[in-house]
Amino acid sequence: YVTELRVLAESNTPPFAISDDSRGVKEDLRLKYRYLDLRRPEMQNAIAMRHRIVKIARDYYDTNGFYEIETPILIKSTPEGARDYLVPSRVQQGRFYALPQSPQLYKQILMCSGFDRYMQIARCFRDEDLRADRQPEFTQLDIEMSFMDQDDILTLMEGMIKELFKKAIGADVPTPFERMEWDTAMDKYGSDKPDLRIDLTCKNISDLFESSEFEPFKGQTVKAVPISNCHLTRKQIEKLLTDCEVQAGTKGYWFKMDENGELAGGVAKFVQGCKDELTERLGLTPNTLVVIAAGASATKLTGVLIKTFGANVEGHMDKERYEFCWIVDFPMYEIGEESGELEFCHNPFSMPQGGLDALENQNPLDILAYQY
């Protein structure tokens with residue numbers, strides 16, 4: 001029971017309520033008063049979770065023979081995928097340090113030095129434009145190993161993820177993870193990072209429209225995503241399709257098999273001529289929505305369609321399940337969407353599609369890079 005109350009100092013009214021509900025509070029206001037924002041239970045829990053994740057990772061790698069080694073932050077500029085942040089040197093006028101985009105070269109030096117298993121909770125800096133999944137400075141779990149093959153690396157990482165989920169949130173993640181070839185992922189899901197919690201896949205139906213009267217389909221790559229038991233309204237379908245078009249930068253199409261087994265809506269009148277083939281190929285049943293991508297960017301759009309509609313049509317995404325897989329056998333080269341020329345893929349450690357024949361008439365330095 002309170003027996004005495006003395007006011008030592010009066011506080012100002014807080015700019016927002018210290019609670020888990022931050023709806024209506026602008027982010028710039030939260031960041032201005034970060035010391036108040038961090039009092040909210042949501043933020044406290046996030047920082048506590050990060051602490052647990054880092055501790056679990058350190059313990060796991062320690063038991064597997066890794067040394068945690070700090071690499072320099074002020075380094076020589078090295079050519080990587082983004083621009084460096086530069087720090088002027090006080091003692092050497094006109095010269096600059098760079099902040100590391102990653103500890104890449106230093107951890108490779110450690111391998112040469114006999115430290116065959118290294119890990120670090122590494123701070124990285126990249127002077128590039130903000131995106132939804134990146135920022136100028138970030139922390140990554142960085143590892144390097146010598147004398148390992150692909151299976152060794154994947155197995156080690158599976159063990160870390162399994163332990164992380166078990167100890168951090170009490171979830172059992174089954175191992176080993178599924179291993180899916182890049183070609184399979186692109187053909188089936190339209191993405192090299194498919195969400196396997198979604199049960200939707202795409203089907204190539206290009207052969208049905210080789211001589212179609214509908215110009216966007218005629219002679220083009222045409223891929224369809226059938227979505228069973230879909231009860232979205234026309235307005236909802238059009239809204240989701242527009243969102244997908246904005247993300248993929250290309251137009252999408254749709255039609256639906258109604259309760260009576262008839263094709264209706266969207267481009268239904270242009271596909272009536274192959275209704276039987278579509279029904280068999282796509283497994284159409286009443287109330288099945290079909291979203292379609294056509295043209296050079298068909299694969300990219302189908303990947304967006306699957307994730308968007310899978311998350312918004314009830315019954316097609318198990319949000320309570322964790323589902324991991326490894327995408328393997330990436331191509332080394334691909335035709336660039338903008339340049340139309342052969343370019344390095346983001347994973348340069350696999351055979352290019354078409355093998356060495358694909359390198360014919362290309363820059364000799366590219367060929368040397370592949371042979372290396």
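For clarity, every value in this text was computed on a predicted model and none was experimentally measured. (Residues numbered from 1 in each chain as written. Predicted model: local features only at pLDDT ≥ 70, side-chain atom pairs only at ≥ 80, totals over all residues. Heavy atoms only, no water.)

Chemist: How do you make sense of the overall build of the protein when you look at a structure like this?
Modeler: Scanning the protein from N- to C-terminus turns up 11 helices and 14 strands. Taking 2.2 N^0.38 as the reference for a compact globule, 372 residues should give roughly 21 Å; the C-alpha atoms of the protein span a radius of gyration of 26 Å, well beyond that estimate. When its C-alpha atoms are laid out on the principal axes, the protein stretches across 75 × 75 × 45 Å. A total of 372 residues make up the protein; the buried ones form 37% of that total. Within the protein, residue pairs in contact and separated by at least 24 positions form 57% of the contacts whose partners lie at least 6 positions apart. Charge-centre separation for the protein: the mean point of 44 positive side chains lies 7 Å from the mean point of 61 negative side chains. (Helix = DSSP H or I, 4+ residues; strand = E, 2+ residues; numbered from the N terminus. Rg over C-alpha atoms; globule rule 2.2 N^0.38 Å. Buried < 20%, exposed > 50% of the residue type's maximum accessible area, 1.4 Å probe, protein only. Contact = heavy atoms within 4.5 Å. Lys, Arg positive; Asp, Glu negative; His and termini not counted. Charge placed at Lys NZ, Arg CZ, Asp CG, Glu CD.)

Chemist: Sorry if this is basic, but what is going on with the sheet that holds strand E1 (residues 67-68) here?
Modeler: To summarise the sheet geometry, strands pair through backbone hydrogen bonds and adopt either a parallel or an antiparallel arrangement. Reading across from one edge, E1-E4-E5 is the order of the 3 strands in this open sheet, with mixed pairing throughout. Unpaired on one side and paired on the other, E1 and strand E5 (137-145) mark the two borders of the sheet. Here strand E4 (residues 117-125) runs beside E5; their pairing, made up of 9 bridges, is antiparallel. Within E5, the position partnered with tyrosine 118 by the bridge is glutamate 144. (Pairing = 2+ DSSP bridges.)

Chemist: Would you mind showing me how to read the nonpolar core here?
Modeler: It is characteristic of soluble globular proteins that their nonpolar side chains tend to be buried jointly. Within the largest apolar cluster, 23 residues are counted, with the highest numbers of intra-cluster contacts made by Val225, Ile227, Leu232, Leu289, Val291, Leu305 and Phe309. Elements supplying a minimum of two residues to this core: strand E8 (222-227), helix H7 (234-248), strand E11 (288-294) and helix H10 (298-312). Per-element accounting of this core gives the leading share, 6 residues, to H10. The contacts of isoleucine 227, once residues within four sequence positions are left out, are Leu200, Asn287, Thr288, Leu289, Val291, Phe309, Val313 and His316. (Core = buried A, V, L, I, M, F, W, Y, C linked by side-chain atoms within 4.5 Å.)

Chemist: Looking at this model, I keep getting lost on the pattern of salt bridges. Mind explaining?
Modeler: Side chains that differ in charge, positive against negative, can pair when their charged atoms come close. On inspection of all chains with the given rule, the structure shows 20 salt bridges. Residues aspartate 207 and arginine 281 are paired through a salt bridge, measuring 2.9 Å at the closest nitrogen-oxygen approach. Within this pair, whereas aspartate 207 is found in the loop between strand E7 (203-204) and E8, its partner arginine 281 is found in helix H9 (residues 275-282), the two being separated by 74 residues in sequence. For arginine 281, a relative accessible area of 34% puts it in the partly exposed group. The partner of lysine 275 in a salt bridge is glutamate 262, and the shortest N-O contact between them spans 3.7 Å. (Salt bridge = Lys/Arg side-chain N within 4 Å of Asp/Glu carboxyl O.)

Chemist: Help me understand the packing of H7 against H10, please; the structure alone is not making it clear to me.
Modeler: To describe two helices that pack against each other, one gives the angle between their axes and the distance between the axes. Their axes nearest at 9 Å, the elements H7 and H10 cross at an angle of 140 degrees. By the angle class used here, H7 and H10 are oblique. At the point where H7 passes H10, the crossing takes the right-handed sense. Between H7 and H10, the contacting residues are Ile237, Leu240, Leu241, Cys244, Glu245, Gln247 and Ala248 on the first element and Lys300, Leu301, Val304, Leu305, Thr308, Phe309 and Asn312 on the second. Of the residues belonging to the contact of H7 with H10, the class tally is 9 nonpolar, 3 polar and 2 charged. (Axes fitted to C-alpha atoms, helices over the stretch in contact; angles between N-to-C directions. Parallel < 35°, antiparallel > 145°, perpendicular 65-115°, else oblique. Left-handed = near helix turned anticlockwise from the far one by under 90°. Nonpolar A, V, L, I, M, F, W, Y, C, P; charged D, E, K, R; others polar.)

Chemist: Just to check I follow, could you spell out the confidence of the model for the protein for this structure?
Modeler: When pLDDT is averaged along the protein, the result is 89; 92% of the residues meet or exceed 70. Predicted confidence in the protein is weakest over helix H11 (residues 364-371), with a mean pLDDT of 40, and strongest over E1, with 97. Long-range and interchain partners of residues 347-372, a stretch whose pLDDT sits below 50, account for 35 contacts in this model, where long-range means more than four residues apart. (pLDDT = per-residue confidence, 0-100.)

Chemist: Would you mind showing me how to read the sheet that holds E11 here?
Modeler: Taking strand neighbours across the sheet as the criterion, the 5 strands line up as E7-E8-E11-E9-E10 in an open arrangement whose pairing is antiparallel. Every other strand in the sheet has two partners, leaving E7 and strand E10 (263-264) as the edge strands with one partner each.

Chemist: I tried to follow the side chain of aspartate 84 on my own but got confused; where do I start?
Modeler: You can see aspartate 84 is positioned in the loop between E1 and strand E2 (86-88). Although aspartate 84 is buried, it makes no salt bridge; arginine 126 carries the closest opposite charge, 8.0 Å away. Engagement of the side chain of aspartate 84 in a polar contact is seen with the side chain of serine 77, the distance being 2.4 Å. With residues up to four places along the chain from it excluded, the contact list for aspartate 84 reads Ser77, Thr78, Ala98, Leu99, Gln101 and Asp127. (Polar contact = N/O pair within 3.5 Å; in protein donor to acceptor, adjacent residues only side chain to side chain.)

Chemist: Is there a simple way to explain the packing of helix H3 (residues 41-63) against helix H5 (residues 150-169) in this structure?
Modeler: The contact between H3 and H5 brings their axes to 10 Å, and the two run at 140 degrees. On the basis of the axis angle, H3 is oblique to H5. When the axes of H3 and H5 are compared, the crossing they make is right-handed. Counted together, Met49, Arg52, Ile53, Ile56, Tyr60 and Tyr61 of H3 and Leu156, Met157, Gly159, Met160, Glu163, Leu164, Lys167, Ala168 and Ile169 of H5 form the full contact between these two elements. When grouped by side-chain class, the residues that make up the contact of H3 with H5 number 11 nonpolar, 1 polar and 3 charged.

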